[in-house]
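# An overview of the molecular structure
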Amino acid sequence: MVWMNRSSRLAWGALLLIALAQAGCAQTGPAAPQAPAQAGAGPAASEPDPVSSALDAELFYQLLLSELNARGPEPAAAFSLMLDAARKTDDPALYQRAVEIAFQSRAGDAALQAARAWKQAHPASRDANRYVLQILLALNRVPEAMEPLRTELTLAGERDRAAVLTAIPRLFARVSDKPQAAALVEQAVQPQLADPASAAVAWTTVGRMRLAAGDNTGALVAAQLAQAADAQSESPVLLALELMDPRLPQAEPIVRKYLQGRALPELRMGYARALIDAQRYTEAAQQLQLVTRDKPELAQGWLALGTLQVQESRLKDAEASLKKYVELAQTEGSAAERSRGLAQAYLALAQVAEKRRDFAAANAWLDRIDNSQDLVAAQSRRASILAQQGRLDEARKLIHALPERTPLQARAKLSAEVQLLREQKRYKAAYDLLDKAIAKEPGDPDLLYDQAMLAEKMDRLGDMERLLRQVMAAKPDFHHAYNALGYSLADRGVRLPEARQLIRKALEFAPGDPYITDSLGWVEFRMGNRAEALRILEGAYKDRPDAEIAAHLGEVLWSMGQHDKAQAIWREGLLLNRDNETLQQTIKRLGVKP
């Protein structure tokens, strides 16, 4: 501990007074002097009594020593002096300062001691109680958090209780035993679960805690109970959107039920994004149409809709939607958000122009991108434009010039060049490029899968199967590998029972995926089960109108003598993607003019 003689005390006391005044510590300083009465004014009726201060000379010196030691080699002494001063004065600010000193010296137990002393002295202080709760969780002492959590909910009052409930999952995010935390929170919020005014938010909090603990089924039950408590609450809908997955189909009805009422456009947007993730593009487009109708000033709705319309080759609609976004985005969100969103819009508009073979317009849109995060995407589009003009070497040089300061950037460059070569049907060059990458990263499932798809294009079917088997071994839940091999066998009409088994395995990992369902329909057709194939393919085409699915569905209809229906489906497929190889080959092979 630092000791001083009397002269030093006086000097340091003066310095501390100045420091306290500059820091605005009026609550511990002497009372401010009253302004003198104006000349000629009558006698004051009564002057207020001077405000007495607890800061006597001894306490003043004690605080000074505490602060000096906090900045010196004795943080433990600083903590003891500050906590003692807090107890003497009953001052919340000094209790808080004691906690801060303990934090600075990374003394978690000491911080908890000070926070508990503060709470004992001021039982109604939410600040003191929150410090106790947060420190307990930081120390991973979860069972002890029950009482301060309940106290926080009680002290919050009705007006703030929903916000406190909503914040609980974030508060417990870093504890190591997630199931223990979920059980504790559920027990602590029992009064709120029983209260109709807070039940929806409380059940959602329970659901989020269960989700963090890996209990998805329990989280779903909580979301259902939350919606039963309040059908108009957004809280369970947000949780259900996180739970939406083909393996948990009961989550989606929670979202759909909410959307039947007066739904927030932002939540409808969230549902549309979930549908896009599930490759249910037609339904996603329907939701985005509603978003842009109900809240046309919401820029993000137009961006999502326009991007989806580009993917579906609805170029005129896409252009209009994307330009609407560009118009609205000038005043929406932060500068960083605007830059990123506009970059996505310009990329999509460039793609629209490229599909129209208006390469000058495409490059003009790309020139407007100033977001460095989208540099690879922009350069890839420029490279594609060059390649379509017969300048493949220049296109590859453009990609080679991209920076690769991180492994992520290097992978993005590789993917861009492989995609460029694939688009130009330079399959051997793309295959060799992946060969070099796999030599550096052997066993990488994504690289192996991409190489397998190129091997199929080169009619190296043995290599394709070998590579896909490697993918399955490296990543047993890589459903694309099972589907690709199963479809390849079915398309060639070989080992059909094995093909069906592989495709069904893929569907176990991605139930409802329309492309895998298409593969299953195709293998059933190859096995002679035309009625079953028709049923499966009609479902897949309804879920995802796609040119390749149209090719298979049309062929099944054609084989069953339903020629008019088959031709109608093929015409739809051509509108979706006239360049689809499977559709073109099917029509040519059957000698049909759709």
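Conventions used here
Residues numbered from 1 in each chain as written. Predicted model: local features only at pLDDT ≥ 70, side-chain atom pairs only at ≥ 80, totals over all residues. Heavy atoms only, no water. Helix = DSSP H or I, 4+ residues; strand = E, 2+ residues; numbered from the N terminus. Rg over C-alpha atoms; globule rule 2.2 N^0.38 Å. Buried < 20%, exposed > 50% of the residue type's maximum accessible area, 1.4 Å probe, protein only. Contact = heavy atoms within 4.5 Å. Areas by Shrake-Rupley, 256 points an atom, 1.4 Å probe, with all protein chains shown as cover. Phe/Tyr/Trp six-rings, centres within 6.5 Å; stacked < 30°, edge-to-face > 60°. Lys NZ or Arg CZ within 6 Å of the ring centre and 35° of its normal. Salt bridge = Lys/Arg side-chain N within 4 Å of Asp/Glu carboxyl O. pLDDT = per-residue confidence, 0-100. Axes fitted to C-alpha atoms, helices over the stretch in contact; angles between N-to-C directions. Parallel < 35°, antiparallel > 145°, perpendicular 65-115°, else oblique. Expected span 1.5 Å × (residues − 1). Left-handed = near helix turned anticlockwise from the far one by under 90°. Nonpolar A, V, L, I, M, F, W, Y, C, P; charged D, E, K, R; others polar. Lys, Arg positive; Asp, Glu negative; His and termini not counted. Polar contact = N/O pair within 3.5 Å; in protein donor to acceptor, adjacent residues only side chain to side chain.

Before going further, it helps to examine the overall build of the protein. Looking only at helices and strands, the protein has 32 helices and zero strands in total. Taken over C-alpha atoms, the radius of gyration comes to 34 Å for the protein, far larger than the 25 Å a tight globule of 594 residues would show. Referenced to the eigenvectors of the C-alpha coordinate spread, the extents of the protein come out at roughly 110 × 55 × 55 Å. When burial is assessed residue by residue, the protein has 46% of its 594 residues classed as buried. When contacts within the protein are restricted to residue pairs at least 6 apart in sequence, those whose partners lie at least 24 apart make up 52%. A total accessible area of about 30,800 Å² is found for the protein, and carbon and sulfur atoms account for 52% of it.

The next subject is the environment of Asn-371. Of note, Asn-371 is situated in the loop between helix H19 (359–366) and helix H20 (375–388). Note: C-alpha distance between Asn-371 and Gly-341 (30 residues apart in sequence) is 9.4 Å. Beyond its immediate stretch of four places on either side in the chain, Asn-371 contacts Ser-339, Arg-340 and Ala-343.

What follows is about helix H12 (residues 235–243). In terms of burial, H12 is largely enclosed, as seven of its nine residues are buried. Looking at H12, one finds that the buried residues are Ser-235, Pro-236, Val-237, Leu-239, Ala-240, Leu-241 and Leu-243. Check the buried side of H12 and you find it contacts helix H10 (199–212), helix H11 (216–229), helix H13 (251–259) and helix H14 (265–277).

This part covers the packing of aromatic side chains. The full count for this structure, using the stated rule, is six aromatic pairs. The interplanar angle of 40 degrees and the centroid separation of 5.4 Å between the aromatic rings of Tyr-449 and Phe-478 together place this pair among those described as tilted. Here the residue Tyr-449 occupies a position in helix H24 (residues 445–457), and Phe-478 occupies one in the loop between helix H25 (461–474) and helix H26 (479–492), the gap between them amounting to 29 residues. In this pair, the class of Tyr-449 matches that of Phe-478, namely buried. Taking NZ or CZ as reference, Arg-460 lies 4.4 Å from the ring centre of Tyr-431, over its face.

The next point concerns the pattern of salt bridges. One pass over the full model with this rule turns up 46 salt bridges. Among the ionic pairs, Glu-186 bridges to Arg-210, the shortest N-O distance being 2.9 Å. Here the residue Glu-186 occupies a position in helix H8 (residues 178–188), and Arg-210 occupies one in helix H10, the gap between them amounting to 24 residues. Between Lys-323 and Glu-319 there is a salt bridge, with its nearest N and O atoms 3.4 Å apart. Taken as a pair, Lys-323 and Glu-319 lie in helix H17 (residues 315–329) at a separation of four residues, close to a single helical turn. Classification of Lys-323 by relative accessible area gives partly exposed; the value is 40%. A single salt-bridge network, built from bridges that share partners, covers Arg-126, Asp-127, Arg-130, Glu-152, Arg-159 and Asp-160.

What follows deals with the confidence of the model for the protein. The predicted coordinates should not be examined in detail at positions where pLDDT is low. Considering every residue of the protein, the mean pLDDT works out to 87; 91% of them sit at 70 or more. Of all helices and strands in the protein, the one with the weakest mean pLDDT is helix H1 (residues 6–23) (39), whereas H10 scores best (97). Low pLDDT (under 50) marks residues 1–48, which in the prediction has 33 contacts with non-local residues, meaning those over four places away or in another chain.

At a closest axis distance of 8 Å, the pairing of H10 and H11 adopts a crossing angle of 170 degrees. In this view, H10 runs roughly antiparallel relative to H11, as classed from their interaxial angle. Along its contact with H10, which presents Ala-199, Ala-200, Trp-203, Thr-204, Val-206, Gly-207, Arg-210 and Leu-211, the element H11 presents Asn-216, Gly-218, Ala-219, Val-221, Ala-222, Leu-225, Ala-226 and Ala-229.

Okay, unusual backbone geometry next. Positioned with a positive phi, Asp-90 is a non-glycine residue whose angle comes to about 60 degrees. Tracing the chain through its elements places Asp-90 in the loop between helix H3 (75–89) and helix H4 (92–104). The partly exposed category is assigned to Asp-90, whose relative accessible area is 36%. With a phi close to 65 degrees, Asp-459 is a non-glycine residue in the positive phi region. Tracing the backbone shows Asp-459 in the loop between H24 and H25.

Its 14 residues place the ends of H26 20 Å apart at the C-alpha level, agreeing with the 20 Å of an ideal helix rising 1.5 Å per residue. When you tally the buried positions in H26, you get eleven out of 14 residues, the bulk of the element. Of the positions making up H26, those classed as buried are His-479, Ala-481, Tyr-482, Asn-483, Ala-484, Leu-485, Gly-486, Tyr-487, Ser-488, Leu-489 and Ala-490. One or two steps after H26, the chain reaches Gly-493, where phi turns positive at roughly 70 degrees.

Inspection of the secondary structure assignment puts Lys-119 in helix H5 (residues 108–121). Judged by relative accessible area, which is 14%, Lys-119 ranks as buried. The residues contacting Lys-119, other than those within four sequence positions of it, are Ala-128, Asn-129, Val-132, Glu-147, Pro-148 and Thr-151.

Here helix H23 (residues 427–440) crosses H24 at 155 degrees, and the two axes come no closer than 9 Å. With respect to H24, the axis of H23 lies roughly antiparallel. Handedness of the H23/H24 crossing: left-handed. Between H23, through Tyr-427, Ala-430, Tyr-431, Leu-434, Asp-435, Ala-437 and Ile-438, and H24, the contact on the second element is made entirely by Leu-447, Leu-448, Asp-450, Gln-451, Leu-454, Ala-455 and Lys-457. Looking at the contact of H23 with H24, its residues break down into ten nonpolar, one polar and three charged.

The next thing to look at is the side chain of Asp-518. Looking at where Asp-518 falls in the secondary structure, it is placed in helix H28 (residues 514–526). Although Asp-518 is buried, it makes no salt bridge; Arg-544 carries the closest opposite charge, 11 Å away. Looking at Asp-518, its side chain comes within polar contact range of the side chain of His-552, at 2.8 Å. Those residues within four positions of Asp-518 in sequence are excluded, and the remaining contacts are Leu-537, Ala-540, Ile-549 and His-552.

As for its position among the elements, Phe-103 is in helix H4. Between the C-alpha atom of Phe-103 and that of Pro-249, which follows or precedes it by 146 residues, the distance is 46 Å. Once residues lying within four places of it in the same chain are set aside, the contact partners of Phe-103 are Ala-111, Tyr-131 and Ile-135.

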